[in-house]
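# Remarks on the overall topology
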Amino acid sequence: MDHSQFTQRFRQGLSEDLKRMQDEVEAVAKKAGLDFFPVVFEMVKPEEMSMLAAYGGFPQRYPHWRFGMEYEQIHKSYSYGLSKIYEMVINTDPCTAYLMNVNHLTDQKLVMAHVYGHCDFFKNNMWFGGTNRKMLDQMANHAARIRRWIDRLGTERVEAFIDACLSVDNLIDIHAGAIQRQPTGRNDLREQIRERARAGETPELPDAKNFKFDVDHSYMDEYINPKDEVLARREAALEATLKPGKVPEKPERGVLGFILEHAPLHDWEADILGIIRAEALYFAPQAQTKIMNEGWATFWHTKLMTEKLAHANEIVQYAESTSGTTAMNPRQLNPYKLGLELFRDIEMRWDTGRHGREFDACDDMEAKRTWFVDERGGLEKVFGVRQVYNDVQFVDAFLTEDFCRRQGFFAYGYDKKSKQFLIESRQFEEIKQKLLTQLTNFGQPMLEVVDSNFDNRGELLLAHRHTGADLQMDWAETALGNLSRLWKRPVHAETQLGGRPVRLSHDGEKPSRTFLDRKESEKSPKKET
């Protein structure tokens, strides 16, 4: 659809009936204990909702073919009846949410309750604490800046660079927004000396007490710490600090951030890479908490609708819509269903005392099944979980064997002979480990910067955290090629391939492999046609 037409008619508010409905839902949500930013609902048409979905919920994004492709896929899926987007809400202050104008009134009420659950999660979950709450304006600013570069440099040149950045936009430190990492050695004595030297000062010797051994009695100091030895240690430390060190000193997870800081980028390249990285960091907490966030919103819309909001004549429509959202698919995990059932299980367990040492130590299955201690701490517990956990922690802590058995969560595989999905394993640990592996870093490869001056040639060396699955070579070669374009020098990544240690390389023109166990250089095999 035409983006300009959408922005011209954008921000069409709710009808009077829907405004009254919003007031009712908001009041009930607050009374239930939800805490959220103010919520602004906008009414949109199906094609506009498809565009918003392609844009990640934001009405203005920078021009790129990827958004058009995603719009076509989403809108065709809706047109053919394969999927339906009931709502969309973005993490801003105030929260902005979109309702589709063709939805049934009962669905609109359900969606509003669902949205307030999301808004509570955005405001209170710690993994969203470092996100930009004014991202609606920031996205528009990003779009304007990239359009200016396109006007100056041309569409093809800028779009090609954006393609390279987007192909590696998952190589970020996904915890950067929630965890402030201390820069390596920033408060170290040596770093303080280096800083003075960089500023053109003559760094004086460090305090002698930093190079003395501790003594129990002061009269022993001159024997344990002779002056000549202390001075020698101080001078050696000073000399070591003034020598250029390895950059980074320790492996650094945020590959894009490191390139942005250290690569010889042009101003326009640095600006665009900074935009891509900032947007990737903004969306990272949503990927980290997909199960929790959707589960939390579903948990609350079911509770509010069934206990307070839904009238008798709305129950059937409500049940139909919710069942469609929480239906399980053998081909993929449904985050709505898993998150909902886990939150319900937590509420039940902390209401009935089914937790703690005594319960865990009980080996009588019948006693566990009928266990009841009237604690009534379920809601307090789910609010606490919502505040501090992400998906990996959530599943690791609360996906129990008893829960899997009751919910029928097993590992399935597709049998080509019978053309059916069959249970591969009923082993709880295997099921849980598969799920945690999928959730860790969104199931994507974890690469870290190890050396920015590999072999003393200014080349970039990365290390892959191998967790059992080899890198897909097509992705690895494309990613290294695009990283080489950003770094403007060859880039390498050390990993394992078929159980053998290997260094994958790309010089900007072609990929290569070096098997480190035999020191044998091999060109990447040609793709089969």
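Residues numbered from 1 in each chain as written. Predicted model: local features only at pLDDT ≥ 70, side-chain atom pairs only at ≥ 80, totals over all residues. Heavy atoms only, no water.

With that settled, consider the overall build of the chain. Each helix and strand in the chain was counted, giving 22 helices and 11 strands. Considering the chain as a whole, with its 529 residues, one finds that 44% of them fall into the buried category. Across the chain, the fraction of contacts at a sequence separation of at least 24, relative to all contacts at a separation of at least 6, is 68%. When the accessible surface of the chain is summed, it comes to about 28,400 Å², and 48% of that surface belongs to carbon and sulfur atoms. (Helix = DSSP H or I, 4+ residues; strand = E, 2+ residues; numbered from the N terminus. Buried < 20%, exposed > 50% of the residue type's maximum accessible area, 1.4 Å probe, protein only. Contact = heavy atoms within 4.5 Å. Areas by Shrake-Rupley, 256 points an atom, 1.4 Å probe, with all protein chains shown as cover.)

Mean pLDDT for the chain: 85, with 82% of residues reaching 70 or above. The model gives residues 1-9 a pLDDT under 50, and that stretch makes 18 contacts with residues more than four places away or in other chains. (pLDDT = per-residue confidence, 0-100.)

On to the pairing of strand E7 (residues 459-464), then. By the criterion of burial, E7 is predominantly enclosed, with 5 of the 6 residues buried. What sits between strand E6 (residues 447-454) and E7 in their antiparallel hairpin is a turn of 4 residues, with Asp455 showing a positive phi close to 55°. Handedness of the crossover joining E7 and strand E8 (residues 491-497) through helix H22 (residues 473-487): right-handed. (Pairing = 2+ DSSP bridges. Right-handed = clockwise from strand over helix to strand, strands pointing away.)

Counting 61 residues, the largest nonpolar core has Ile259, Ile272, Leu462, Leu483 and Leu486 as its most contacted members. In terms of residue count, the dominant contributor to this core is helix H12 (residues 267-288) (8 residues). Core analysis: the next-biggest nonpolar cluster, separate from the first, contains 56 residues, Phe36, Met112, Phe128 and Tyr389 among them. (Core = buried A, V, L, I, M, F, W, Y, C linked by side-chain atoms within 4.5 Å.)

Attention shifts here to the pairing of strand E9 (residues 500-506). Among the 7 residues of E9, 5 are classified as buried, and the element is accordingly described as predominantly covered. Examined bridge by bridge, E8 and E9 share 7 bridges and lie antiparallel to one another. Each residue of the ladder has a partner; that of Leu497, found in E9, is Arg500. Where E8 folds back on E9, the antiparallel hairpin that results is connected by 2 residues, among which Gly498 adopts a positive phi of roughly 60°.

On to the packing of aromatic side chains, then. Enumeration over the complete set of coordinates arrives at 23 aromatic pairs. Look at Phe121 and Phe128: their rings are 6.0 Å apart centre to centre, the planes differ by 80°, and that puts the pair in the edge-to-face class. Classification of Phe121 as buried rests on a relative accessible area of 0%. Here Phe258 and Trp487 contribute two aromatic rings whose centre-to-centre distance is 6.1 Å and whose plane-to-plane angle is 20°, an arrangement assigned as stacked. (Phe/Tyr/Trp six-rings, centres within 6.5 Å; stacked < 30°, edge-to-face > 60°.)

A few words now on the sheet that holds strand E2 (residues 87-90). If you trace the 3 strands from one edge of the open sheet to the other, you get E1-E3-E2, paired in mixed fashion. Each of the sheet's edge strands pairs with one partner strand only, and the pair in question is strand E1 (39-44) and E2. Ignoring strand direction, the axes of neighbouring strands in this sheet form an average angle of 20°. Here E1 runs beside strand E3 (residues 95-100); their pairing, made up of 6 bridges, is parallel. By the bridge assignment for E3, Glu42 is matched with Tyr98. (Axes fitted to C-alpha atoms, helices over the stretch in contact; angles between N-to-C directions.)

Bringing the side chain of His118 into the picture now. The residue His118 is located in helix H5 (residues 105-124) in this model. Among the polar contacts listed, one links the side chain of His118 to the side chain of Asn293, at a separation of 2.6 Å. At 3.1 Å, the side chain of His118 forms a polar contact with the side chain of Glu294. Residue contacts for His118: discarding those within four places in its chain leaves Glu87, Val89, Asn293, Glu294 and Ala297. (Polar contact = N/O pair within 3.5 Å; in protein donor to acceptor, adjacent residues only side chain to side chain.)

With that settled, the discussion passes to the side chain of His301. Note that His301 resides in helix H13 (residues 290-309). Overall, His301 belongs to the buried group, its relative accessible area being 2%. Of note is the side chain of His301, whose polar atom sits 3.0 Å from the side chain of His114. Among the polar contacts listed, one links the side chain of His301 to the side chain of Thr322, at a separation of 3.3 Å. Other than its neighbours up to four places away in sequence, His301 contacts Leu110, Ala113, His114, Tyr318 and Thr322.

Right, let's get into unusual backbone geometry. Where the residue is not glycine, phi is negative for most of them; where a peptide bond is considered, it is trans in most cases. Cis geometry marks the peptide bond from Asp93 to Pro94, where omega comes out at 0°. Of note, Pro94 is situated in the loop between E2 and E3. Non-glycine residue Asp455 carries a positive phi angle of around 55°. Among the structural elements, Asp455 can be located in the loop between E6 and E7.

The next subject is helix H15 (residues 335-352). For the α-helix, the turn length of 3.6 residues means that residues three or four positions removed from each other point alike. Between its first and last C-alpha atoms H15 spans 26 Å; for 18 residues at 1.5 Å apiece the expected length is 26 Å, and the two agree. Here H15 lies mainly inside the structure; 14 of its 18 residues are buried. Gly353, located one to two residues past H15, shows a positive phi value of around 75°. (Expected span 1.5 Å × (residues − 1).)

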